[in-house]
Amino acid sequence: MLSIIIPAYNEQEVLGEFYARVTAVLDSMVSDYELIFVNDGSRDGTLPLLEKFAESDPRVVVIDLSRNFGKEIAVSAGIDFARGDAVVIIDADLQDPPELIPEFVRQWQNGFDNVYARRVSRDGESTIKKVTAYLFYRFIRMITNIDIPADTGDFRLLSRRAVDSLKQLPERNRFMKGLYAWIGYPAIAVEYRRDPRYAGDTKWNYWKLWNFALEGITSFTEVPLKVASYVGGFIAFFAFCYGIYIIVNTLLYGNPVAGYPSLIVTILFLGGIQLVFIGILGEYLARAFSESKRRPLYFVNKVLRK
Ligand code: UDP
Ligand code: MG
């Protein structure tokens, strides 16, 4: 059985077309599937429309969240309700072509747990969005040691054990793209051209995207904290050296400005000490942070035993 998860927030213009296309693909392909629509607090006609689908089609499940929680959480809710042997996550706006699902299933049957779609092009999006997305993926790959594939979104298929692993990650800040990569397991990309939105508007703006980027960076790396402690240590080292130079210089040759040497040495010393201790705090904070995520230590792909 296949579960399809569709987060939907104010998508009344596209859902009819989406439903028609996705059922056309699935009917010709699998015998048993469920469509899990997660209504993420929509304020338009999305919910009545979904209720209509559910009435006429027993394979439709509608999860109506109490308010708008954002896509990441809507997807997590869908994952909690999914009963299938494999789960497909797809946007409602038809930017992710449902016609790719048969290919996903084929790769899953080949033994891949995480079959993700990689866009080779994104039509209908502004240059700034493309450039910022490009830079973001490169940057986050550079500073984290988990392998988040570039140019991929949530559109993917996950096997049952990948989904169960994902459900074991109890953290509240759910940067899904990172989590899919964090759980590991055999993964493979399927390439596709990303279509423009079928109708309606994107729910993202640059402020939201910026916060999303921060979320990704802060939940997957302690590098910013470490940078603080190294920069602090570095500056403190030079401050101490300069302080010693002033002391020695004053003792040997004197200093024409009364009070200057003692003042500057005190300032450098206190500033340096503070930076060093902030760095130490940063190191402890980084560890407390990683403990507080309470992630499982590992997942096993397979055990070989004779
Ligand atoms: N979405 C959601 N909650 C939100 C924002 C978006 O469930 O708060 C859903 C939306 O209905 C769509 C998917 O997430 O199915 C992707 O959203 P969108 O197309 O706006 O993002 P973009 O494709 O522009 O990145
Ligand atoms: Mg979209």
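Before any of the text, the structure's been laid out above.
Residues numbered from 1 in each chain as written. Chains lettered and ligands numbered in written order. Predicted model: local features only at pLDDT ≥ 70, side-chain atom pairs only at ≥ 80, totals over all residues. Heavy atoms only, no water.

Draft legend 1. Just the overall build of the protein chain, in detail. Per the secondary structure count, the protein chain includes 10 helices and 7 strands. Whereas a compact globule of 306 residues would reach a radius of gyration of roughly 19 Å, the protein chain reaches 26 Å, over 25% beyond that. By principal-axis analysis of the C-alpha atoms, the protein chain measures approximately 95 × 55 × 35 Å. With 306 residues in all, the protein chain has 44% of them scored as buried. The contacts in the protein chain between residues at least 6 apart in sequence include a share of 81% that link residues at least 24 apart. (Helix = DSSP H or I, 4+ residues; strand = E, 2+ residues; numbered from the N terminus. Rg over C-alpha atoms; globule rule 2.2 N^0.38 Å. Buried < 20%, exposed > 50% of the residue type's maximum accessible area, 1.4 Å probe, protein only. Contact = heavy atoms within 4.5 Å.)

Draft legend 2. Fine view of the packing of helix α9 (residues 223-253) against helix α10 (residues 260-292). Where α9 contacts α10, the two axes come as close as 8 Å, and the packing angle between them is 160°. By the criterion of interaxial angle, the relationship of α9 to α10 is roughly antiparallel. Where α9 crosses over α10, the two elements pack in a sense that is left-handed. Residue classes in the contact of α9 with α10 are distributed as 19 nonpolar, 7 polar and 3 charged. (Axes fitted to C-alpha atoms, helices over the stretch in contact; angles between N-to-C directions. Parallel < 35°, antiparallel > 145°, perpendicular 65-115°, else oblique. Left-handed = near helix turned anticlockwise from the far one by under 90°. Nonpolar A, V, L, I, M, F, W, Y, C, P; charged D, E, K, R; others polar.)

Draft legend 3. Seen up close, the environment of tyrosine 116. Tracing the sequence through the fold places tyrosine 116 in strand β5 (residues 114-122). Spatially, the C-alpha atom of tyrosine 116 lies 5.0 Å from that of alanine 189, the residues being 73 residues apart in sequence. Ignoring any residue separated from it by four or fewer positions in sequence, one finds tyrosine 116 in contact with Pro149, Thr152, Phe155, Arg156, Ala187, Ile188, Ala189 and Val190.

Draft legend 4. Here's a closer look at the coordination of the magnesium ion (ligand 2). Note on the magnesium ion (ligand 2): its protein donors are Asp93 (OD) and Gln95 (OE1). The metal-donor distances range over 1.9 Å. When its relative accessible area of 4% is taken as the criterion, aspartate 93 is described as buried. In this structure glutamine 95 comes out as buried when scored by relative accessible area, which is 9%. (Donors = N, O, S within 2.8 Å, 3.2 Å for Na, K, Ca; no water.)

Draft legend 5. Local environment of the site of ligand 1. In the vicinity of ligand 1 lie 18 residues, with Glu11, Asp40, Asp93, Gln95 and Thr202 positioned nearest. Aspartate 40 places a side-chain nitrogen or oxygen 2.5 Å from a nitrogen atom of ligand 1. Within the side chain of asparagine 68, an N or O atom sits 3.1 Å from an oxygen atom of ligand 1. In isolation ligand 1 has 530 Å² of accessible area, and contact with the protein removes 93% of it. Within the shell around ligand 1, the residues separate by chemical class into 5 nonpolar, 4 polar and 9 charged. (Near = heavy atom within 4 Å. Polar contact = N/O pair within 3.5 Å; in protein donor to acceptor, adjacent residues only side chain to side chain. Areas by Shrake-Rupley, 256 points an atom, 1.4 Å probe, with all protein chains shown as cover.)

From the geometry alone we can't say anything about function, so treat these as descriptive.
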